[in-house]
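Descriptive structure summary
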Amino acid sequence: MKFNQLLVLLVGGAFFLAMMSLYRMLEMTQGVKLPHSETPAGPEDNDLSRLKQQIDKLERLLSDNNRLVATLRDSLFSRQASRVKGVAANVSSGSAHSQAVALPGCRLAEEMKDGADGVQLLDVYDLLPFDNPDGGAWKQGFEISYKGDEWDEQPLELILVPHSHNDPGWLKTFENYYQDQTKHILNNMLIKLTEDSRRKMIWAEISYFSKWWNNIDEQKREMVKRLVKAGQLELVTGGWVMADEANSHYFALLDQLIEGHQWIQRHLGVKPSSGWAVDPFGHSPSMAYLLKGAGLSNMVIQRAHYAVKKHFAQQQTLEFLWRQNWDSSPRSDITCHMMPFYSYDVPHTCGPNPAVCCQFDFHRLKGGRASCPWRIAPQPITEQNIKERALLLLDQYRQKSRLFRSPVLFVPLGDDFRFVESSEWDAQFGNYQALFDYFDQHPELHVKARFGTLSDYFGALHRRLNAAGTTLPTLRGDFFTYADRDDHYWSGYFTSRPFYKRLDRTLEATLRYPISPVTQVHSLINDPDFPTSKHFQRLTAGRRNLALFQHHDAVTGTARDPVVVDYGTRLFRSILNLHQVLQSSAHWLLLSDKSQYHHDQSKPFMSLIVFNPTEQLRSSVVSVVVDSPGARVVDAETGRPMTTQISAVWAEPSRASTEHFQLDFVVELPPLSLVVYHVTKASVDSAHRAQYTFHRRGNPPAVQSEHFQVSSPEGPEADAPLSLSNKHLQLRSGLLRRVQVQFLWYGTRTQTEKSGAYLFLPGDKGAQPYSSLDPPLVRVSRGPVFSDITSCFQHFSHTVRLLHLDGHAGRSLEISNTVDIRSEVNRELVMRLVSDVANSNRFYTDLNGFQMQQRRTLSKLPLQANFYPMSSAAFLQDAASRVSLLSAQSQAVASLRPGELEVVLDRRLQQDDNRGLGQGVTDNKLTASLYHLLKSLVNEVGGASVEHLSLLAHLISLSLSHPPMTMVTSSDSQVPKLHRFLPLRSSLPCDVHLLNLRTLEDSQKAESPSQEVALLLHRKGFDCSSTPDVELQCTWSVHEEVEDNTHVIN
Ligand SMILES: [Zn+2]
């Protein structure tokens, strides 16, 4: 085999431990100094009865709410049910296919038909030529005509919506934007809206709004409330930020929405009703679903492919009911308005001709700082020119109106960081009011115009639609991958700054650990020593930093370098702080005698605590770094020794550390449990030590490793195929059954327009195989807990690992990479999986970890258009099999040829790509990525039109996103007695995910936890066509609807 093409793994121990994930970094900083004697294990009756009562109550509430949760009370019930097919729950059995026909809980193709007016975006993509002809004044569109009498019966009702787009970080940090612009905008808003009750304004970013609120006095707050009540100021979407919709995981999308909505509810007592997403680089139906679920009825989106916009304009489908792919009913529908033109600025919103519309951006009046690039300056409205100006503008409005089905016209008025100075408010509101007054005075023009908010617009729209007895068409699908002009597809940002995309998920996993909310509930802990409020503030700060990072210039990797550092610092600090909260909460929960609790951060509790953050019983491998090659791990409660493996920590690819060792042991963790283990130094033969084999063609490495058995075959033996296997899988020289791994480079174009933070503009040659002058060093490790093969190349190391575990954890192949391309210029590194799956041009990627979306690789589109975001999963499928790649981070993915799936690992680009950032992406870091690869057989059972992950893939994805958390400390003789914490009696059904458990803020006392906790459950769709070929240790639910996904417990 050729090592430069068929790479098999790698990942030096040192790299691995330092970078593989932040968890491990944190463990290293904590380090385990092994005590010499065993810590006394102290199982003792524990009085957690109060907490248990609460959880029992929670379980009862769940049961009451929905029969779904009848299955929650574990296997006793399930065993009965499985005898009666389709009654309440199914239990997987060892026989792989016996239940294929009867799998409940899935929907088939014929149920998904929409009416004649239904739009499926995949069909639109098949239909469109993507030929980009010059449309004249509206370059990407067409000439719009009207007769002039269209509004005689029903006048044009025009609603002009002033807005100011405030990025919470982009060219400047959040803080700097706030100081330089945002606070002035909001201060002036208060004055200028109060001056004239006809004036209106919308505001989206609650991160800014809440910061400003904290800095104004009570009198001003009252003014804000009056403006909101009067409908002059409307908070739209209500999220903490205007979130990215490609890279963000739905946990974070929803959490930032809750954070904003809770703030609004608390301070203003209102609920947002309309969404506003004008700048995210493509749009996801997951966001539409969350907004609908959060009580919104309408939404506005802007950045969709220009060819799709043009098509929708021709079909008058720019306004539609956005329906979920998997939903056969209209319950998830939300009214969506898509802006027709290039941008959300004034030149591209009044009508099709930007040269005309720019003349009505009165911020660009002569002598000001801004001007019109079309070289016709705006004029102030005067008595002399008002007729000519009004008619010129009306012509644009009328043309735009022809693209919609109703005579109500929505026109935004604003741009990035607009309305900073009071003169700008006067210019815009004064001149437009004059024009509106003119329209009023000339009824023969048949136009009524006013300032409005989104609620004003959508209210008028729905009234008109109802009056006409018409409805909007339905639409299914998503708006990726976005192109704003020519072949400029925004698929670069799906991977840009991958280090931070990974960090984002690490904070997310840390925030989701539900033990700390449990301890926030006052009624549970009356111990004055427990720092409840302090912990709550840390939790809130962590949530808000994660929320901030969902901004469409943050997780996207499209901010300036210092801003990226600001975000990264926030994420990292939050992770550290949350670990302290978790440690303290775990301590309290585990103490047999609560009176022994003492809050002392400098002296945390003893032993090794492993927390399972998932709602499933799981077998896992726990990994810690220790200072001895001999170690013993016992279950603190039973004294039972655990299966352990000691591996080398590789300081260099072939030099093992003599001070640090990696200790891995196998644990079986009940759902949401905290389990205590004692780790002690023991004789060197107490744990199985990994055995190593090193391979390097032509040049066997000199290996330094005093504690491990190492062999280094020479001659033909050195080139023999490598193999690994566990009970379920066989791996041979990088082949998992028939899956190979390759690495390749993309370069960028030679023309002036090159790839940057947003855009992927690869060179004509496409991807070139990765090759290096030196043959790779390949290190094979074998042990009782796991075996792996690591290949070390100049720019990356690649490891494939098999866990020797029963259950689902042993059913997939773990792949991890650490990438360092800092020595390169204008290059992007990709990992390509090559399989024998005959998937034709179809493949599937997830949207926000929430749902799967079919993709079609189209040869009529350029290569970069065929890349899509992958937040957590992608798969290829044919009639016989499916290969799923489950991912722990967001990256760009494509399937350019049948059987292939490629993932962009990192990108280093020296230049700006002309979207305003003004710099390249050259702050690359040593970056880790982590995946699980799963190949499964497929049973055709009727051809579902909507594909989901299998139950097994869901479980593996859950484990990947939420690794067990370990809390380790150094030794101390004063070990208090700890008792394991088991909040659930059994796993939840496999398809039910405990998404979040969130302590709510006290309504009376700011920054303090209330007695209320929000519990969010997500019932996941799962694949119909394959039955699990593994015995799953859980049940799944039948086809029943969940009415409500949020509950509050007291
Ligand atoms: Zn923006």
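Anything mentioned here points back to the structure above.
Summarised in this report is the structure supplied together with it. Because the structure is predicted, anything quoted here is derived from the model rather than measured.

A word on the pairing of strand β17 (residues 631–635). The element β17 is extensively covered by neighbouring structure, given that 4 of its 5 residues are classed as buried. Where β17 and strand β20 (residues 674–681) come together, 5 bridges link them in antiparallel fashion. Its bridge partner lying in β20, arginine 632 is registered against threonine 680.

Time to look at the sheet that holds strand β28 (residues 768–769). Paired through backbone hydrogen bonds, the strands of a sheet run either parallel or antiparallel to each other. Strand order in the open sheet formed by 6 strands is β28-β27-β33-β40-β39-β36, and the pairing between neighbours is antiparallel. The two strands at the open ends of the sheet, each matched to only one other strand, are β28 and β36 (868–870). Here strand β39 (residues 891–894) runs beside strand β40 (residues 900–908); their pairing, made up of 2 bridges, is antiparallel. Counted as the bridge partner of valine 893 is valine 903 from β40.

A word on the coordination of the zinc ion. For the zinc ion, the full set of protein donor atoms is His165 (NE2), Asp167 (OD), Asp279 (OD) and His552 (NE2), and the range of their distances to it is 2.0 to 2.1 Å. For the zinc ion, the 4 donor atoms in the first shell make angles of 90 to 164° at the metal, a pattern classed as irregular. Positions of the donor residues of the zinc ion, expressed as sequence spacing, correspond to H-x1-D-x111-D-x272-H. With a gap of 112 residues between them, aspartate 167 in the loop between β3 (156–165) and α6 (174–195) and aspartate 279 in the loop between β6 (274–277) and α10 (285–293) connect regions that are remote in the sequence. Considered together, aspartate 167 and aspartate 279 belong to a single accessibility category, that of buried residues.

Further remarks concern the pattern of salt bridges. Counted according to the given criterion, the structure contains 49 salt bridges. A salt bridge links aspartate 456 to lysine 200, with the shortest nitrogen-to-oxygen separation between them at 2.9 Å. Here the residue aspartate 456 occupies a position in helix α15 (residues 454–468), and lysine 200 occupies one in the loop between α6 and β4 (201–203), the gap between them amounting to 256 residues. Assigned by exposure class, aspartate 456 and lysine 200 land together as buried. Here arginine 907 makes a salt bridge to glutamate 828, at a shortest N to O gap of 2.9 Å. Here glutamate 828 lies in strand β33 (residues 827–834) and arginine 907 lies in strand β40, a separation of 79 residues in the sequence. Considered together, arginine 907 and glutamate 828 belong to a single accessibility category, that of buried residues. Three or more residues are tied together by salt bridges with common partners; here these are Asp255, Glu259, Arg543, Arg544 and Arg998.

Attention now moves to the environment of glycine 630. Mapped onto the elements, glycine 630 comes out in the loop between β16 (618–626) and β17. In this structure glycine 630 comes out as buried when scored by relative accessible area, which is 0%. Each C-alpha atom, one on glycine 630 and one on arginine 689, is 8.7 Å from the other, the two residues being 59 residues apart in sequence.

Attention shifts here to the sheet that holds strand β18 (residues 644–652). Read across the sheet, 4 strands follow the order β16-β19-β18-β21 without closing on themselves; strand pairing throughout is mixed. Sheet topology places β16 and β21 (688–689) at the edges, where each strand pairs with a single neighbour. Two strands pair when backbone bridges link them, and β18 and β21 are joined in this way by 2 bridges, in the parallel orientation. When the bridges of β21 are listed, isoleucine 646 appears paired with arginine 689.

Here the focus is the packing of aromatic side chains. The description of an aromatic ring pair uses the distance of the two centres, along with the angle that the planes make with each other. Counted according to the given criterion, the structure contains 55 aromatic pairs. Geometrically, the ring pair formed by phenylalanine 281 and tyrosine 758 is edge-to-face, given 5.4 Å between the ring centres and 70° between the ring planes. Of the two residues, phenylalanine 281 sits in the loop between β6 and α10 while tyrosine 758 sits in the loop between β27 (740–746) and β28, which places them 477 residues apart along the sequence. Exposure remark for tyrosine 758: the relative accessible area of 2% places this residue in the buried category. Measuring from ring centre to ring centre gives 6.3 Å for tryptophan 326 and phenylalanine 850, while their planes differ by 65°; the resulting arrangement is edge-to-face. Taken together, the residues tryptophan 326 in the loop between β8 (319–323) and β9 (334–338) and phenylalanine 850 in the loop between β34 (842–847) and β35 (851–856) connect sequence positions 524 residues apart. The two residues tryptophan 326 and phenylalanine 850 agree in class, both being buried. Chaining the aromatic ring pairs together yields one cluster made of Phe360, Phe362, Phe419, Trp425, Phe429, Tyr432, Phe436 and Phe451.

Attention now moves to the side chain of serine 835. Structurally, serine 835 is set in the loop between β33 and β34. At a separation of 3.2 Å, a polar atom in the side chain of serine 835 contacts the main-chain amide nitrogen of valine 837. Not counting chain neighbours up to four residues away, the residues in contact with serine 835 comprise Arg738, Val739, Leu876, Val883 and Gly899.

This part takes up the pairing of strand β15 (residues 608–611). Neither face of β15 is open: one carries Leu608 and Val610, the other Ile609 and Phe611, and all of them are buried. Both β15 and β20 contribute to a ladder of 4 bridges, which runs antiparallel. If you follow phenylalanine 611 over to β20, its bridge partner there is leucine 674. The sheet contact formed by β15 and strand β42 (residues 965–967) spans 3 bridges and is antiparallel. Residue pairing in the sheet places isoleucine 609 in a bridge with methionine 967 of β42.

Conventions adopted
Residues numbered from 1 in each chain as written. Predicted model: local features only at pLDDT ≥ 70, side-chain atom pairs only at ≥ 80, totals over all residues. Heavy atoms only, no water. Buried < 20%, exposed > 50% of the residue type's maximum accessible area, 1.4 Å probe, protein only. Helix = DSSP H or I, 4+ residues; strand = E, 2+ residues; numbered from the N terminus. Pairing = 2+ DSSP bridges. Donors = N, O, S within 2.8 Å, 3.2 Å for Na, K, Ca; no water. Tetrahedral: all angles 85-135°; square planar, octahedral: opposite > 155°, others 65-115°. Salt bridge = Lys/Arg side-chain N within 4 Å of Asp/Glu carboxyl O. Phe/Tyr/Trp six-rings, centres within 6.5 Å; stacked < 30°, edge-to-face > 60°. Polar contact = N/O pair within 3.5 Å; in protein donor to acceptor, adjacent residues only side chain to side chain. Contact = heavy atoms within 4.5 Å.

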